[in-house]
Amino acid sequence: MNIILVGAQWGDEGKGKIVDILAKDADYIVRYQGGNNAGHTVVAGNKEYIFHLIPSGILHKGKICCIGNGVVIDPAILLKELRDLRFAGINLTNRLKISSLAHVILPYHKILDQLRETKRAHKIGTTGRGIGPCYADKTIRCGIRMVDLLNSGVLRDKLKDNLKEKNEIFKKVYKHPGFNFSRIYKEYLNYGRIFSSYICNTQRLLNSAIGEKKDILFEGAQGTFLDIDFGTYPFVTSSSATAGGACIGSGVSPVRINKVIGVAKAYTTRVGEGPFPAEFPSKFAKVIRDKGNEFGATTGRPRRCGWFDSVMVKEAVLLNGISELAITKIDVLEGLKTIKICTAYKYKGKLFREFPADLQALKNSKPVYEEMAGWDKTVPNLCHYQKLHPNVNKYLKKLQDILNAKISIVSVGSSREDTIFLD
Ligand code: GDP
Ligand code: IMO
Ligand code: MG
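Residues numbered from 1 in each chain as written. Chains lettered and ligands numbered in written order. Predicted model: local features only at pLDDT ≥ 70, side-chain atom pairs only at ≥ 80, totals over all residues. Heavy atoms only, no water.

**Quick look at the site of ligand 1**
- The immediate surroundings of ligand 1 are formed by 18 residues, with K15, G16, T41, D331 and S411 found nearest.
- Note that an oxygen atom of ligand 1 is positioned 2.9 Å from one of the backbone N or O atoms of G14.
- Here an oxygen atom of ligand 1 and a side-chain polar atom of R303 are 3.2 Å apart.
- Notes on ligand 1: free accessible area 580 Å², of which the protein chains cover 92%.
- When residues of the shell around ligand 1 are traced back to their parent elements, those giving at least two are α1 (15-23) and β3 (40-44).
- In terms of residue count, α1 provides more of the shell around ligand 1 than any other element does, three residues in total.
- Of the residues that constitute the shell around ligand 1, the class distribution is three nonpolar, eight polar and seven charged. (Near = heavy atom within 4 Å. Polar contact = N/O pair within 3.5 Å; in protein donor to acceptor, adjacent residues only side chain to side chain. Areas by Shrake-Rupley, 256 points an atom, 1.4 Å probe, with all protein chains shown as cover. Helix = DSSP H or I, 4+ residues; strand = E, 2+ residues; numbered from the N terminus. Nonpolar A, V, L, I, M, F, W, Y, C, P; charged D, E, K, R; others polar.)

Structure (structure tokens):
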């Protein structure tokens, strides 16, 4: 069974936790887009791991983890992640595969990302990790790929060519001194040496695995509404975070995909700028942020919080072909008298039940809520762990009916044990 797992909101839905759970039954786990703007948290035993580039299935012995061609790689971050895992006693021998076609983030990408953001009148809220500029270079065909780090001549020519143009732009537009060729060249050639045994043809590897009836789990980064096409553009990331991105970013054909699972929080969060119709007023946002520890796994920024927006998630179900959902962080809503679900938007006196493409409409939309009774304890009796509070069940049933997708996993805490599988 080949499964794509995607975020159904604005990222940080708990994909890392759910991937770690599902990885038990997979042979390969594949990241297919994004870069180290992602931060995926897995809690195993008493330890918390935050993965930025390495797939969240890596903690399971014997599983092969691939970084696909659609990912953009900052080699320094990848190296740190590898070293941290080794330090934690995780054996990586023959388990990590990096696509030779994946593009590389260079120092000028990161600085450009940050300089552009300072010049913008309407800030995006980028993580500043160089993701956008790296994907831009890929698209305008001057990017440097992992395979290029293995060939000193190719790397020299490409880097020289890039710096010739970029240094002029840095100096003239941004009053920045620009970048020294030799330093970057030496540093990145060295990364090539370090990663040479991991770099391979992952598209061939994955297709051979499918031929041998192995199971592949595709791990999305970001979320549907950060997708470059379908997200709240321009307040999005620069890759295809929706399910289609899994095929492009791995070289696996759509006809090989068996199922798409969406992950959504029981409420909504967003890091960075952009419209957010169901956002809480700031006082209540703080209560939920503190309870849910809603601070970015990559930048530590406070996440904006709001009610569950079923207009959005319904759109995510449609765009990704989601047939099953994992709902996370139900426990964070404990203790509230009433829970709200946004079921429509009101704009210019009219009611909308579909997600608008026009950002102005979204920005000026007022949420329409349905209210439900809350719950005190999500799981009232620990001896009957599979039992949820009746009001939680009512909430989940309501979401299921609105979204027309089966909720198969419910997460009530960050650890593996705090997971309930529904038939
Ligand atoms: P991702 O980017 O989608 O992988 O999500 P993040 O790791 O950035 O953010 C999700 C956060 O919620 C992490 O700190 C998880 O450990 C935590 N988490 C996941 N599921 C649950 C849950 O059911 N309850 C609680 N309280 N925390 C959870
Ligand atoms: P995971 O995989 C939440 C947001 C940033 C910013 C916008 C653009 O952990 O769910 P970028 O660095 O791509 O230029 O940032 O996208 N963003 C995320 N928000 N979770 C993420 O990843 C995100 N990756 C990017 O905050 O608003
Ligand atoms: Mg995250």
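**Considering the coordination of the magnesium ion (ligand 3)**
- In this structure, D12 (OD) and G39 (O) serve as the protein donors to the magnesium ion (ligand 3), at separations of 2.0 to 2.2 Å. A residue pair is termed long-range when its members are at least 10 positions apart, and D12 in the loop between β1 (3-7) and α1 and G39 in the loop between β2 (28-31) and β3 qualify at 27 residues.
- Residue class for G39 comes out buried when judged on its relative accessible area of 10%. (Donors = N, O, S within 2.8 Å, 3.2 Å for Na, K, Ca; no water. Buried < 20%, exposed > 50% of the residue type's maximum accessible area, 1.4 Å probe, protein only.)

**Side note on unusual backbone geometry**
- A cis amide bond, omega 10 degrees, links Y233 with the succeeding residue P234.
- In this fold, P234 is placed in the loop between β10 (216-219) and α8 (244-248).
- In this structure, N94 takes a positive phi of about 60 degrees despite not being glycine.
- Positioned with a positive phi, N293 is a non-glycine residue whose angle comes to about 50 degrees.
- Mapping N293 onto the fold places it in the loop between α9 (282-291) and β13 (304-306).

**Some details on the site of ligand 2**
- In the vicinity of ligand 2, 20 residues are found, and the nearest of them are K15, H40, T127, Q222 and T237.
- Separating an oxygen atom of ligand 2 from a side-chain N or O atom of K15 is a distance of 2.7 Å.
- For ligand 2, an oxygen atom lies 2.9 Å from a polar atom in the backbone of G39.
- Protein burial of ligand 2: of its 550 Å² of free accessible surface, 97% is covered by the chains.
- The class makeup of the residues in the shell around ligand 2 is seven nonpolar, 10 polar and three charged.

**Describing the packing of helix α3 (residues 107-119) against helix α5 (residues 152-174)**
- The contact between α3 and α5 brings their axes to 12 Å, and the two run at 25 degrees. Accordingly, the angle class assigned to the pair α3 and α5 is roughly parallel. Here α3 and α5 pass one another in a crossing that is left-handed. Contact residues: Y108, I111, L112, L115, R116 and K119 in α3; L159, N162, L163, K166, F170, V173 and Y174 in α5.
- By residue class, the composition of the contact of α3 with α5 is nine nonpolar, one polar and three charged. (Axes fitted to C-alpha atoms, helices over the stretch in contact; angles between N-to-C directions. Parallel < 35°, antiparallel > 145°, perpendicular 65-115°, else oblique. Left-handed = near helix turned anticlockwise from the far one by under 90°. Contact = heavy atoms within 4.5 Å.)

**What to know about the packing of α3 against helix α4 (residues 131-139)**
- Closest axis-to-axis distance for the α3/α4 pair is 7 Å, and the angle between their directions is 115 degrees. Our pair here, α3 against α4, has a crossing hand that is right-handed. Contact residues: α3 offers Y108, H109, L112, D113 and R116, while α4 offers I131, G132, P133, C134 and D137.
- The residue makeup of the contact of α3 with α4, split by class, is five nonpolar, two polar and three charged.

**A look at α1**
- Taken across its nine residues, α1 has nine buried, putting it largely inside the fold.
- Turning to α1, its buried residues are K15, G16, K17, I18, V19, D20, I21, L22 and A23.

**A short note on the domain arrangement of the chain**
- Per the domain assignment, the segments making up the chain are domain 1 (2-99 + 199-261), domain 2 (103-194) and domain 3 (264-421).
- On a C-alpha basis, the centroid separation for the pair domain 1 and domain 2 is 24 Å.
- Between domain 1 and domain 2, the contact holds 23 residues from the first and 18 residues from the second.
- Where domain 1 abuts domain 2, roughly 1700 Å² becomes buried across the two surfaces, and 67% of that area is made up of carbon and sulfur atoms. (Domains from an automatic or database assignment. Buried area = accessible area lost by both parts, 1.4 Å probe.)

**A look at the sheet that holds strand β9 (residues 199-200)**
- Strands sit in the order β9-β7-β5-β2-β10-β1-β11-β15-β19-β20 across an open sheet of 10 strands; the sheet is mixed. If you trace the sheet from one side to the other, it starts and ends with β9 and β20 (419-421), each paired once.
- Sheet topology places β1 next to strand β11 (residues 259-265); five bridges connect them, and they run parallel. Looking at β11, one finds that I4 is bridged to V260.
- Relative to β1, α1 is tilted by about 165 degrees, and along the sheet it contacts β1, β2, β10, β11, β15 (324-328), β19 (406-411) and β20. (Pairing = 2+ DSSP bridges.)

**Observations concerning the state of the cysteines**
- Per the stated rule, a full pass over the model turns up zero disulfides.
- You can see C134 has no disulfide; the closest cysteine sulfur is in C142, sitting 9.5 Å from it.
- A relative accessible area of 1% places C134 in the buried class.
- A disulfide-free cysteine, C342 has its sulfur positioned 16 Å from the sulfur of C305, the nearest such atom. (Disulfide = S-S within 2.5 Å.)

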